[in-house]
Amino acid sequence: MFSQVVPWRRFTNQCLRSTRTVIIRNASSSSGSGSDQQYDLVVIGSGPGGYVAAIKAAQLGLKTACVEKNATYGGTCLNVGCIPSKAMLHNSHLYHMANHGELKKRGIDFEGVSLNLPVFLKQKDDAVKGLTSGVAYLFKSNKVTGIRGYGSVSGPGQVTVKKEDGSNETLTAKNILLAVGSEVTPFPGINIDEETIVSSTGALSLKQVPKKMVLIGAGVIGLELGSVWSRLGADVTCVEFLSHIGGMGIDMEVSKAFQKILTKQGLKFKLDTKVTGAEKTNGSIRVNVEGAKGGNNEALDCDTLLVCIGRRPFTKDLGLENVGINLDKRGRIEVDKNFQTTCKGVYAIGDCIQGPMLAHKAEDEGIICVESIVSGHEPHIDYNCVPSVIYTFPEVSWIGKAEEQLKQEGIKYKVGRFPMAANSRAKTINEPEGFVKVLSDATTDRILGVHMINSVAGELINEAALAMEYGASCEDVARVCHAHPTWSESFKEANLQAYFGKAINFS
């Protein structure tokens, strides 16, 4: 289902006008061991997919509970993923600007820049606390029952929650939604201690700035966290098995430009290289590497090793075998077009099923899944219109098909490019690096893919997502009046070049 582009269709969901009144026990009044609680929907997991689905279900009139195994709501994203890393990326960028003369170039003179790492990390922690507390507030205001404990499917229509005190609570549900997310993929033979050999979780809370850091994997997570510690003063070397950075899906033209920019910032790259092992020796870590196809053996010494080779679905001890739920070869829960598993009444969304492991993808799946449960309508989502973002500086984002994919599929296309150096807003604030690239169907002019690298790519890509969701052509976007001076004019100009052959402000 994920390889097929589903056309956008409008449908009216009668359940959106539901006026049903439901009485739900407060989250703080969870009863003790052995009690039976009956719900229309029980969601296991309160990450972006789970908590959004729970809220939407309650808004649609379902008696809803959300089970969370951790002390706070929000899952990986809010606690040890998207949110804390973005706080660190932003603040490390400010420090880098101050410490490397960028502010002085703008006429801001000062002396004695220093990093207060505990305060730096506390700001990150405060952001996390505020947002996770916000989920708890949203549960209360939407009458979602929050239940702490490890949830598992113990039988058809039944969820057992194991509490911290060892007691069990049984929940009976007409529908169960698995929004259990993912976990860090371990590297065989390398033991993560979250002190000197760390995963993305440990990299968010290092006690000091490493002198030398080696990171395994130059994908999205590795590049973001590598950028943070590089800006703060670490000598960072990225080891990547692939021949490019940025992970799967990134356009190669963007990837090459991206690597040049990050290299200029101080990051080092060893591409087409694999790690064969790592060991602690004399207070440091020795990382052994060789060419992806063998040979070129080398040892890299560092004081911090960051393992970022990806994530895998979290399906441990969920009781899937109790109701005959199948996993695919990659350990993902198998679902049909309605997100229903092989067990009727049990659904799954987000990182634990097929598709990109992205918070916003999980959110959308959660919403359309519960709408489908209530209305009976088949859910509709176009996975070709799910954007990806790397929140470095500059940012990188893309949506739709890359140029290499279009060539492989034999699709005739046109290309529109516009450099940020020709964008007035980028020039006025001295952030001219990068470009916007638009790919369109050579016959119909419909936008097929958008790829960009610039200071606000994570925001700008959403205009492309809206355009593609509605099947817009490049001419459609080019003829929309964009405010001046704005970053978004670069997107307009790239579309203009794609359909007309020439931009206005660049030749």
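The structure under discussion appears in the preceding block.
Source: prediction; values computed, not measured.

### Things to note about helix α6 (residues 252-265)
1) Next: With 14 residues, α6 ought to run about 20 Å at 1.5 Å a step, and its terminal C-alpha atoms sit 20 Å apart, in line with that.
2) Next: The secondary structure elements touched by the buried residues of α6 are α5 (220-231), β11 (268-270), β18 (388-390), β19 (395-400), β21 (435-441) and β22 (447-454).
3) Next: Among the residues of α6, the N-terminal cap falls to Asp251, whose side-chain oxygen and the backbone nitrogen of Glu253 are separated by 3.0 Å.
4) Next: In the stretch just after α6, Gly266 is the one whose phi turns positive, near 120 degrees.

### Thoughts on the packing of aromatic side chains
The description of two aromatic rings rests on the distance between their centres and on the angle between their planes.
1) Next: If you walk through the whole model with that rule in mind, you get three aromatic pairs.
2) Next: When the ring centre of Phe314 is taken as origin, the NZ or CZ atom of Lys69, which lies over that ring, is 4.7 Å away.
3) Next: The lysine or arginine in question, Arg148, covers the ring of Tyr73, its NZ or CZ lying 3.9 Å from the ring centre.

### Description of the packing of helix α1 (residues 48-59) against helix α4 (residues 117-141)
1) Next: Two elements in contact, α1 and α4, have axes separated by 10 Å at closest approach and are oriented at 20 degrees. Taken together, the axis directions place α1 and α4 in an arrangement best described as roughly parallel. Between α1 and α4 lies a crossing of left-handed hand. For the pair formed by α1 and α4, the contact residues are Tyr51, Ala54 and Ile55 on the first element and Val135, Leu138 and Phe139 on the second.
2) Next: Residues belonging to the contact of α1 with α4 are distributed by class as follows: six nonpolar, no polar and no charged.

### Considerations on the environment of Tyr39
1) Next: Along the chain, the position of Tyr39 falls in strand β1 (residues 36-44).
2) Next: Overall, the relative accessible area of 1% leaves Tyr39 in the buried class.

### Structural notes on the sheet that holds β21
1) Next: An order of β18-β19-β22-β21-β20 is seen for the five strands of this open sheet, with the pairing classed as antiparallel. Each edge of the open sheet is held by one strand with a lone partner, namely β18 and β20 (413-419). Each neighbouring strand pair of the sheet contributes to a mean axis angle of 10 degrees, computed without reference to strand direction.
2) Next: Relative to β19, β18 runs antiparallel, the two being bridged by three bridges. Of the residues in β19, the one forming a bridge with Ile390 is Val396.
3) Next: Sheet strands touched by α6: β18, β19, β20, β21 and β22. Its angle to β22, the strand with the most contacts, is close to 5 degrees.
4) Next: Packed on one face of the sheet, helix α10 (residues 457-469) meets β18, β19, β21 and β22 and runs near 10 degrees to β19.

### Quick word on the environment of Arg330
1) Next: Looking at where Arg330 falls in the secondary structure, it is placed in the loop between β16 (311-313) and β17 (346-348).
2) Next: Residue classification places Arg330 among the exposed residues on the basis of a relative accessible area of 64%.
3) Next: For the pair formed by Arg330 and Gln354, sequence separation is 24 residues and the distance between their alpha carbons is 9.1 Å.

### Considering the side chain of Glu169
1) Next: Considering the arrangement of structural elements, one finds Glu169 in strand β6 (residues 168-178).
2) Next: Accessibility expressed as a relative area gives 0% for Glu169, which makes it buried.

### Details of the environment of Ile325
1) Next: In this fold, Ile325 is placed in the loop between β16 and β17.
2) Next: Separated by 21 residues in sequence, Ile325 and Val346 have C-alpha atoms that sit 8.7 Å apart.
3) Next: For Ile325, the residues in contact, after removing those within four places along its chain, are Leu178, Leu320, Ile333, Thr341, Thr342, Cys343 and Val346.

Rules of the game
Residues numbered from 1 in each chain as written. Predicted model: local features only at pLDDT ≥ 70, side-chain atom pairs only at ≥ 80, totals over all residues. Heavy atoms only, no water. Helix = DSSP H or I, 4+ residues; strand = E, 2+ residues; numbered from the N terminus. Expected span 1.5 Å × (residues − 1). Contact = heavy atoms within 4.5 Å. Polar contact = N/O pair within 3.5 Å; in protein donor to acceptor, adjacent residues only side chain to side chain. Phe/Tyr/Trp six-rings, centres within 6.5 Å; stacked < 30°, edge-to-face > 60°. Lys NZ or Arg CZ within 6 Å of the ring centre and 35° of its normal. Axes fitted to C-alpha atoms, helices over the stretch in contact; angles between N-to-C directions. Parallel < 35°, antiparallel > 145°, perpendicular 65-115°, else oblique. Left-handed = near helix turned anticlockwise from the far one by under 90°. Nonpolar A, V, L, I, M, F, W, Y, C, P; charged D, E, K, R; others polar. Buried < 20%, exposed > 50% of the residue type's maximum accessible area, 1.4 Å probe, protein only. Pairing = 2+ DSSP bridges.

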